[in-house]
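Given next are the chains, with one letter for each unit.
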Amino acid sequence: MNKTVLVVDDERWAVEKLIGILEGLGYTTLYESDCVHAMQRYRKGGIHAVVADGSAGGDILAEAIRRRDESTPIALYTYNPSRYQGLKNLEVGVFHKSDGPQDVADYIHAAIQK
């Protein structure tokens, strides 16, 4: 498949299962622990989709990516219900972390296949 997904979360253990699912689908994954480094990595190119923790600045990352590129699939997720409501307004997939990593991986996979 040779597509790369950037996964951003300040707690790597929280995304280990998601990373495993994405790699099982044939994607290369890159991990960053914060949105500043994630944007630097994104700017280097070769990123086909982004998954970010919305509560840790993922919404700001999504907006920065959208200013550069409207087509990169982005999924945001959070445990914070009030923050979750605010993220629904962005043109990205939004998931509550209790939805599980499979839902996020399915969204990213379908978006990349378009």
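Provided above is the structure to which this section pertains.
Reading the values: the criteria
- Residues numbered from 1 in each chain as written.
- Predicted model: local features only at pLDDT ≥ 70, side-chain atom pairs only at ≥ 80, totals over all residues.
- Heavy atoms only, no water.
- 1 Å grid on protein atoms, 1.4 Å probe; cavity = no way out; pocket = protein on both sides within 12 Å on 5 of 7 lines; lining within 4 Å.
- Points joined across faces, edges and corners; volume = space filled by probe spheres on them.
- Helix = DSSP H or I, 4+ residues; strand = E, 2+ residues; numbered from the N terminus.
- Nonpolar A, V, L, I, M, F, W, Y, C, P; charged D, E, K, R; others polar.
- Pairing = 2+ DSSP bridges.
- Axes fitted to C-alpha atoms, helices over the stretch in contact; angles between N-to-C directions.
- Contact = heavy atoms within 4.5 Å.
- Core = buried A, V, L, I, M, F, W, Y, C linked by side-chain atoms within 4.5 Å.
- Buried < 20%, exposed > 50% of the residue type's maximum accessible area, 1.4 Å probe, protein only.
- Expected span 1.5 Å × (residues − 1).
- Arc of directions from axis to C-beta.
- Salt bridge = Lys/Arg side-chain N within 4 Å of Asp/Glu carboxyl O.

J.: Please clarify how the layout of surface pockets should be interpreted in this entry.
T.: It is the rolling of a water-molecule-sized probe over the atoms that shows where space remains empty. Each pocket or cavity is described by its volume, and for the largest pocket that value is around 170 Å³. Residue lining of the largest pocket: Ala 14, Val 15, Lys 17, Leu 18, Tyr 77, Tyr 79, Phe 95, His 96, Lys 97, Gly 100, Pro 101 and Val 104, and that is the complete set. Secondary structure elements with two or more residues in the lining of the largest pocket: α1 (16-24), β5 (93-96) and α5 (101-113). Here the residues of the lining of the largest pocket sort into eight nonpolar, two polar and two charged.

J.: Explain the sheet that holds strand β4 (residues 74-78) here, please?
T.: Either a parallel or an antiparallel arrangement is found when strands of a sheet pair, and the pairing is made through backbone hydrogen bonds. Strand order across the open sheet formed by five strands is β2-β1-β3-β4-β5, with parallel pairing between neighbours. What marks the edges here is a single partner per strand, and that holds for β2 (28-32) and β5. Taking the axes of each pair of neighbouring strands and ignoring which way they run, one obtains an average angle of 20° across the sheet. Its contacts with the sheet put helix α3 (residues 58-68) on β1 (4-8), β3 (49-53) and β4, and the angle it makes with β4 is roughly 165°.

J.: Help me understand the nonpolar core, please; the structure alone is not making it clear to me.
T.: One recurring pattern in soluble globular proteins is that nonpolar side chains are buried together. Counting 18 residues, the largest nonpolar core has Val 50 and Leu 61 as the members making the most contacts within it. Elements supplying a minimum of two residues to this core: β1, α2 (35-43), β3, α3 and β4. Among residues more than four places away in sequence, those in contact with Leu 61 are Val 8, Cys 35, Ala 38, Met 39, Val 50 and Ala 52. Counting residues in hydrophobic clusters, the runner-up holds 17 residues, among them Val 5, Val 7, Tyr 77 and Ala 105.

J.: I would appreciate a short explanation of α5 in the present structure.
T.: Because an α-helix completes one turn every 3.6 residues, residues spaced three or four positions apart along the sequence face the same direction. Helix length check: α5, at 13 residues, gives a terminal C-alpha distance of 18 Å against a target of 18 Å (1.5 Å per residue), a fit within 8%. Of all the positions in α5, only Val 104, Ala 105, Ile 108 and Ile 112 are classed as buried. Taken end-on, α5 shows its buried residues confined to a sector of 95°, consistent with a single buried face. Against the buried residues of α5 lie β1, α1, β3, β4 and β5.

J.: What am I meant to see in the pattern of salt bridges here?
T.: Where charged atoms from two side chains of opposite charge approach closely, those side chains can pair. Counting across every chain of the model gives four salt bridges. Between Arg 12 and Glu 16 there is a salt bridge; the shortest N-O distance is 2.6 Å. Arg 12 sits in the partly exposed class, given a relative accessible area of 37%. The salt bridge partner of Arg 41 is Glu 32, with a shortest N-O separation of 3.0 Å. The class of Arg 41 is partly exposed, set by a relative accessible area of 26%. Within the structure, one salt-bridge network assembled from shared partners comprises Asp 9, Asp 53 and Lys 97.

Geometric descriptors of this kind do not, in isolation, establish any biological role.
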